[in-house]
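Per-entry structural report
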Amino acid sequence: MYSQGLIGADGTTEETEEFLAAFQARIDREEKIEPNDPMPEGYRKTLIRQIGQHAHSEIVGMLPEGNWITRAPSLRRKAALLAKVQDEGGHGLYLYSAAETLGVSREQMTEELLSGKAKYSSIFNYPTPTWADMGTIGWLVDGAAIMNQIPLCRCSYGPYARAMIRVCKEESFHQRQGYELLISLCNGTKEQKDMAQDSINRWWWPSLMMFGPHDADSSHSEQSMKWKIKRFSNDELRQKFIDATVPQAEYLGLTVPDPDLKWNPEKNNGKGGYDHGEINWVEFWQVVKGHGQMNRDRIKARKKAWNDGEWVRDAALAHAEKRAARQTAQAAE
Ligand code: 3HC
């Protein structure tokens, strides 16, 4: 029987060696941890941090593409982009709901985002000046997200893993529609192909940064992998993404903007893989710290949306309280 942690007077679990060992044994047996299970405070906090930031990324990620909905070149492209942006909003909803099962409120998470205390993915702090960016975001950004999110379907925390299964199904549509958009451009006029090349030039390296710092510089990876929140390290997923994506760029006839990119048959235990150049980590940390090209615009847009939506939240809550009061009165009759 899984030993209950000693519940302290304030309701938190006293983390005895025995309790921690029993919890880790559950993780090692690939058991899913559910919201009402006793869990180490560090496990809960890590999940709130990661799921909350993941949710913020989905919602902020709607902004770069939302910028092009009214300017899509055809009804078909507009419909695909609308569907994708709407999906991202839904992904944010699943993820905020998964985080709320850990005892944090939507308001708290949003306040931490708007105050700069909580992060969102660096990738969304780059501008989208051309239509080709809509294709590159779908192909590279959602492609990187899929590489990172597929393993999360096997995360040890049940609500997060289950949210990811639905998210990943929709991400594959996002990636395909982006790649198909780029096939059209690359088979189009010289100007259209040049626009696609300019776009990959701007998005290639920021997409590699999505996977996080090198493993040696990752403050959370070791523990997250022990708790099977993370199944692969940042560098492992980044390498998988590069190895899968370079042939796709070649099919498009586009050049990956990395002069050090070279097939190495020895890599990946002899399966082969690409050696690549070094990421600009100064740029990465600048963007993560809020000094990217679009950080201010993104937070300003989120603050406006949160303030403009206050009356909707108040009305929904007032309605819910009134209905609860009516149901209580009816039950008392
Ligand atoms: N952007 C912003 N911050 C980043 C980052 C990035 N690309 N990569 C790492 N960081 C931050 C981490 O959050 C952490 O800071 P914190 O302690 O304040 O949270 C710090 O840098 C150290 O990084 P670690 O690698 O130690 O942190 P993690 O173990 O959390 O790994 C991660 C980072 C790989 C992003 C991991 O959090 C993760 O897998 N998150 C879930 C997936 C996710 O959030 N993806 C973001 C994109 S969502 C998306 O693309 C939507 C799609 O529909 C387009």
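The rules behind the values
- Residues numbered from 1 in each chain as written.
- Predicted model: local features only at pLDDT ≥ 70, side-chain atom pairs only at ≥ 80, totals over all residues.
- Heavy atoms only, no water.
- Helix = DSSP H or I, 4+ residues; strand = E, 2+ residues; numbered from the N terminus.
- Buried < 20%, exposed > 50% of the residue type's maximum accessible area, 1.4 Å probe, protein only.
- Contact = heavy atoms within 4.5 Å.
- Areas by Shrake-Rupley, 256 points an atom, 1.4 Å probe, with all protein chains shown as cover.
- Phe/Tyr/Trp six-rings, centres within 6.5 Å; stacked < 30°, edge-to-face > 60°.
- Lys NZ or Arg CZ within 6 Å of the ring centre and 35° of its normal.
- Near = heavy atom within 4 Å.
- Polar contact = N/O pair within 3.5 Å; in protein donor to acceptor, adjacent residues only side chain to side chain.
- Salt bridge = Lys/Arg side-chain N within 4 Å of Asp/Glu carboxyl O.
- Expected span 1.5 Å × (residues − 1).
- Bend = angle between axes of the 7 residues up to and from the residue.

1. Structural notes on the overall build of the protein
From N to C terminus, the protein includes 13 helices and four strands. Taking the principal axes of the C-alpha coordinates as reference, the protein spans close to 75 × 50 × 35 Å. For the protein, buried positions account for 49% of its 333 residues. The long-range fraction of contacts in the protein, counting pairs at least 24 apart against all pairs at least 6 apart in sequence, stands at 74%. Total accessible area on the protein stands at roughly 17000 Å², and carbon and sulfur atoms take up 56% of it.

2. What to know about the packing of aromatic side chains
In total, this model carries eleven aromatic pairs according to the counting rule given. Here the aromatic rings of tryptophan 139 and tyrosine 179 are separated by 5.7 Å at their centres, their planes lie at 50°, and the arrangement is tilted. With tryptophan 139 in helix α6 (residues 132-152) and tyrosine 179 in helix α7 (residues 158-186), this residue pair connects regions lying 40 residues apart in the sequence. A single burial state applies to tryptophan 139 and to tyrosine 179, both of which are buried. Ring geometry for tryptophan 204 against phenylalanine 241: centres 6.2 Å apart, planes inclined by 25°, an arrangement best described as stacked. Of this pair, tryptophan 204 sits in helix α8 (residues 190-209) while phenylalanine 241 sits in helix α10 (residues 234-252), placing them 37 residues apart in sequence. Phenylalanine 241 shares its class with tryptophan 204; the two are buried. When the ring centre of tryptophan 68 is taken as origin, the NZ or CZ atom of arginine 71, which lies over that ring, is 3.9 Å away.

3. Regarding the site of the ligand
For the ligand, the set of nearby residues contains 32 residues, the closest of which are Glu88, Lys119, Glu171, Ser218 and His220. Between the ligand and histidine 220, the relevant distance is 2.5 Å, taken from an oxygen atom to a side-chain nitrogen or oxygen of the residue. One of the side-chain N or O atoms of lysine 230 is found 2.8 Å from an oxygen atom in the ligand. Contact with the protein chains removes 91% of the 1000 Å² of surface that the ligand exposes when unbound.

4. Some points on the pattern of salt bridges
A full pass over the atoms with the stated rule returns 21 salt bridges. Close ionic contact of arginine 29 with glutamate 31 constitutes a salt bridge, the shortest N to O distance being 2.7 Å. For the salt bridge of lysine 304 with aspartate 308, the shortest nitrogen-to-oxygen distance reads 2.4 Å. Taken together, the positions of lysine 304 and aspartate 308, both in helix α12 (residues 295-308) and four residues apart, correspond to about one turn of that helix. Taking relative accessible area as the criterion, aspartate 308 reaches 41% and is therefore assigned partly exposed. One continuous salt-bridge network, built from bridges that share partners, spans Arg26, Arg29, Glu31 and Asp37.

5. Quick look at the side chain of histidine 174
Relative to the helices and strands, histidine 174 resides in helix α7. Accessibility expressed as a relative area gives 0% for histidine 174, which makes it buried. Of the polar contacts made by the side chain of histidine 174, one reaches the side chain of aspartate 87; its length is 2.8 Å. For histidine 174, the contacting residues outside a window of four places in its chain are Lys84, Asp87, Glu88, His91, Gly138 and Asp142.

6. Concerning α8
Across its 20 residues, α8 extends 30 Å between first and last C-alpha, which sits within 8% of the 28 Å expected from 1.5 Å per residue. Along its length, α8 reaches its greatest deviation from straightness, about 35°, at tryptophan 203, and the proline proline 206 lies no more than four positions downstream. Turning to α8, its buried residues number three or more, namely Ala196, Gln197, Ser199, Ile200, Trp203, Trp204, Trp205, Pro206, Ser207, Leu208 and Met209. Those residues of α8 hidden inside the fold are in contact with α6, α7, α10 and α11 (281-291).

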